[in-house]
Amino acid sequence: MIMRKVLVPIFAIVVFLVFWELLVWVNQWPNYKMASPSDLWPAYVKYDTLFFTYGWQTLWRTVAGLLLAVVLGTALGVLMGVSRTARDALYPLLVGFNAIPKATVVPIMALMFVGQHDLNTILLAFMISFFPIAVSVSIGLSTLEPEYRDILRALGASKLMIFRKIALPKTLPEFFGALKVSVTLAFIGTNLVEIIEPHGRGLGHLFDSAKISSDYPLMFAVLIVLALMGILLYYVVVALERIFAGWAERGAD
Amino acid sequence: MRKIDNDHAAPITSGAASSGASATHTDSSTQRMENALIDIRAVSHTFQTDSGPLQVLDKLDLSIAEGQFTAVVGPSGCGKSTLTRLVAGLLKPDSGEVWLHGELVKGPRASVGMAFQNPVLLEWRSILRNVMLPLEIVPERVPAAEHEERARSLLSLVGLEGFEDKKPSELSGGMRQRASLCRALIHKPDVIILDEPFGALDAFTREDLWQTMHALRATEPFTALLITHDLRESVFLADEVVVLSDRPARAQYTLSVPTSSHERTLDDLYTTEAVEMLAILRQQIQLAQGRTPASHS
Ligand SMILES: Nc1ncnc2c1ncn2[C@@H]1O[C@H](COP(=O)(O)OP(=O)(O)OP(=O)(O)O)[C@@H](O)[C@H]1O
Ligand SMILES: [Mg+2]
């Protein structure tokens, strides 16, 4: 069991790193084309404090944006799941909003909230990541079979009671499925702001300054840290899913 | 008790049949009026659909005495489920009245238990907690100290002892339906409404569940309204079988099933009496579908 869950992924990562190293070595790629894993370590050692402070900034702003997306995305999803009118009214708006490339929103927000870097970043992380949550919650609620509602409604249960006892828990698996997508999206949002409008904060800024000083290993080092943070948050969501919606897991194996 | 009217058993044209059947029905419903637990009086209902109004029930009369088990059969889509929703108070009739226990039904009420073709168990809850769900809404119907005990005893009555802590996904379809029946009964409802609860089960499981229903009824007397497509099921389980006409549905024919002196077994379905009742019901269904019944002697 532990073998499966821990050793297999670690082994896969090691194989991947070795393959990467070999690929660079065999092709004799220079650093500016493709850094190799062995170049990364010196970069981490050299800039360790920067990685910690910037990494933390990126992480907390991503999580804050994500939390905002969970709260507002769920609220929108509930509204659209419960009311047909709300669904008809909001769907086209949301789809349109989601279709706007978020890179174009960054300068607009920078003008709207001049100097409020944290707020800008959090808002963009939110904007890019709330959509899957809103859609999946609304679909989960609106596709609830009427019989589920009827067993409680026939006893005179209030709408709120039915929502709490049946609709909400039944939608949790869809919610967590969407949250896994949103985690990655939120990282994209944070870094978009940090790279396009660098405020001297976050891993995106570190990446940008590495680019300016042509420090290619540092650029790759940033990407790897971003990947690791993505994995970390993803598994936090998986753990929460186990706790709150573990019942939805079909007994595999 | 036995009341198979031979006029209706004889092959007749559909026009004559419906007038004859409604005549039988009128006098039986007046005589049953006083002790009726469920009394459905001239209920009509029309749905507004995208393709215009669709009348589903037409001045339907039906009453069920306390402790009586009534089965309702009728052509597909004639309005049987609509009828159950009206009785449960989930739907208001356009006209007519539904009375339950001498009170006009205006909305849902705690004295009703329901089970459907889909067992609709909550997958995140254990079987025991699923069965106890209605008590979270209407806890006052059973003394608090007995909640769990009652759930456990119902579960063992339907043969689910030892499965209390399992999740619904770990049970077979028949077992889930058993749990769903326990949930319908947990809060000691005056009436249980069963909308084709055995419809999706294989023949053997279904017959097992028929026996379970008899066992439940022996220990927990209840009044039941069962919707079914299976004529054998209706004759095996019910005291009275009501045939509905095609949409808009009216009560077309009522058949009383004689109470047997012993506990019913599947063999009872093959007695001459039972075969005769089934033949009558089959004819009535064909009439309801607007087909002339095949001649039968
Ligand atoms: N909420 C609704 N809105 C519009 N039409 C409805 C609604 N509910 C049912 N109907 C229609 O009313 C008719 C009767 O439906 P109902 O479910 O009562 O039939 P039924 O006798 O239970 O059918 P079945 O034997 O297939 O279960 C059907 O034609 C159905 O399409
Ligand atoms: Mg139906």
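See the structure above.
Remember, it's a predicted structure, so these values are computed and weren't measured experimentally.

About the thresholds
Residues numbered from 1 in each chain as written. Chains lettered and ligands numbered in written order. Predicted model: local features only at pLDDT ≥ 70, side-chain atom pairs only at ≥ 80, totals over all residues. Heavy atoms only, no water. Helix = DSSP H or I, 4+ residues; strand = E, 2+ residues; numbered from the N terminus. Buried < 20%, exposed > 50% of the residue type's maximum accessible area, 1.4 Å probe, protein only. Contact = heavy atoms within 4.5 Å. Phe/Tyr/Trp six-rings, centres within 6.5 Å; stacked < 30°, edge-to-face > 60°. Core = buried A, V, L, I, M, F, W, Y, C linked by side-chain atoms within 4.5 Å. Buried area = accessible area lost by both parts, 1.4 Å probe. Salt bridge = Lys/Arg side-chain N within 4 Å of Asp/Glu carboxyl O. Polar contact = N/O pair within 3.5 Å; in protein donor to acceptor, adjacent residues only side chain to side chain. Nonpolar A, V, L, I, M, F, W, Y, C, P; charged D, E, K, R; others polar. Axes fitted to C-alpha atoms, helices over the stretch in contact; angles between N-to-C directions. Parallel < 35°, antiparallel > 145°, perpendicular 65-115°, else oblique. Left-handed = near helix turned anticlockwise from the far one by under 90°. Pairing = 2+ DSSP bridges.

**Here's the deal with unusual backbone geometry**
Residues and elements named next belong to chain B.
In step 1: Across the junction of R247 and P248, the peptide omega takes the value -5°, indicating a cis bond.
In step 2: Here P248 shows up in the loop between strand 9 (240-244) and strand 10 (251-256).
In step 3: Phi at K59 is positive, roughly 45°, even though this residue is not glycine.
In step 4: As for its placement among the helices and strands, K59 is situated in strand 2 (residues 52-65).
In step 5: A positive phi angle is found at K188, which is not glycine, with a value near 50°.
In step 6: Accessibility expressed as a relative area gives 38% for K188, which makes it partly exposed.

**Here we look at helix 7 (residues 146-153) of chain A**
In step 1: Those residues of helix 7 of chain A that sit buried are Y148(A), D150(A), I151(A) and L152(A).
In step 2: In this structure, the buried residues of helix 7 of chain A make contact with helix 8 (159-196) of chain A together with helix 3 (80-87), strand 6 (112-116), helix 5 (133-137) and helix 7 (173-185) of chain B.

**Side note on the packing of aromatic side chains**
Residue and element names in this part refer to chain A.
In step 1: Evaluated as defined, the whole model comprises twelve aromatic pairs over all chains.
In step 2: Measuring from ring centre to ring centre gives 6.3 Å for W20 and F220, while their planes differ by 50°; the resulting arrangement is tilted. With W20 in helix 1 (residues 2-27) and F220 in helix 10 (residues 216-245), this pair connects stretches of sequence that are 200 residues apart.
In step 3: The exposure class assigned to W20 is buried, which follows from its relative accessible area of 7%.
In step 4: Aromatic pair Y32 and Y216: ring centres 6.3 Å apart, planes at 65°, arrangement edge-to-face. Of this pair, Y32 sits in the loop between helix 1 and helix 2 (37-46) while Y216 is found in helix 10, placing the two residues 184 residues apart along the sequence.
In step 5: Taking the relative accessible area as the measure of exposure, Y216 reaches 27% and is therefore partly exposed.
In step 6: Linked through ring pairs, F16, W20 and F220 together constitute an aromatic cluster.

**Concerning the nonpolar core**
Most often, soluble globular proteins keep nonpolar side chains buried together rather than apart.
In step 1: Core analysis: the largest hydrophobic core is formed by 99 residues, its most contacted members being F51(A), L203(A) and I40(B).
In step 2: In terms of residue count, the dominant contributor to this core is helix 6 (residues 117-142) of chain A (twelve residues).
In step 3: Aside from chain neighbours lying at most four places away, what touches I40(B) is L60(B), D61(B), L62(B), L83(B), V87(B), E97(B) and V98(B).
In step 4: Residues L185(B), L201(B), F222(B) and M277(B) belong to the second largest nonpolar core, which totals 51 residues.

**Quick notes on the environment of F163(A)**
Residue and element names in this part refer to chain A.
In step 1: Relative to the helices and strands, F163 is located in helix 8.
In step 2: For the pair F163 and L141, spaced 22 residues apart in sequence, the C-alpha to C-alpha distance is 9.0 Å.
In step 3: Here F163 is in contact with V78, L141, L168 and P169, once residues within four sequence places are set aside.

**Looking at the interface of chain B and chain A**
In step 1: Listed by partner, the interface residues are 23 residues for chain B and 17 residues for chain A.
In step 2: With both chains or domains summed, chain B and chain A bury close to 2,000 Å², and 67% of this area falls on carbon and sulfur atoms.
In step 3: Together, E123(B), W124(B) and I137(B) form the three largest contributors to the area buried by chain B at its contact with chain A, with a combined 33%.
In step 4: Where chain B packs against chain A, one counts three salt bridges.
In step 5: A salt bridge links K165(A) to E136(B); the shortest N-O distance between them is 2.8 Å.
In step 6: On inspection of chain B and its partner chain A, the count reaches six residue pairs in polar contact (both at pLDDT 80 or more).
In step 7: Take the side of chain B that touches chain A: its biggest share by element is four residues, from helix 5 of chain B.
In step 8: Taken together, the residues that form the side of chain B that touches chain A break down as 14 nonpolar, three polar and six charged.

**Re the packing of helix 7 of chain B against helix 8 (residues 203-219) of chain B**
Residue and element names in this part refer to chain B.
In step 1: For the pair helix 7 and helix 8, interaxial distance at closest approach is 11 Å and the crossing angle is 25°. Relative to helix 8, helix 7 is oriented roughly parallel. Read as a crossing pair, helix 7 and helix 8 show a hand that is right-handed. Facing G174, Q177, R178, L181 and L185 of helix 7, the residues of helix 8 in contact are T205, D208, L209, T212, M213 and L216.

**Remarks on the sheet that holds strand 8 (residues 223-227) of chain B**
Residues and elements named next belong to chain B.
In step 1: Across the sheet, which stays open at both edges, the six strands sit in the order 6-7-8-3-9-10 with mixed pairing between neighbours. Of all the strands in the sheet, just strand 6 and strand 10 have a single pairing partner and so form its edges. Averaged over all pairs of adjacent strands, the angle between strand axes in this sheet comes to 15°, irrespective of strand direction.
In step 2: Here four bridges tie strand 3 (residues 69-73) to strand 9, and the two strands are oriented parallel to one another. Considered in strand 9, the bridge of A71 is made with V241.

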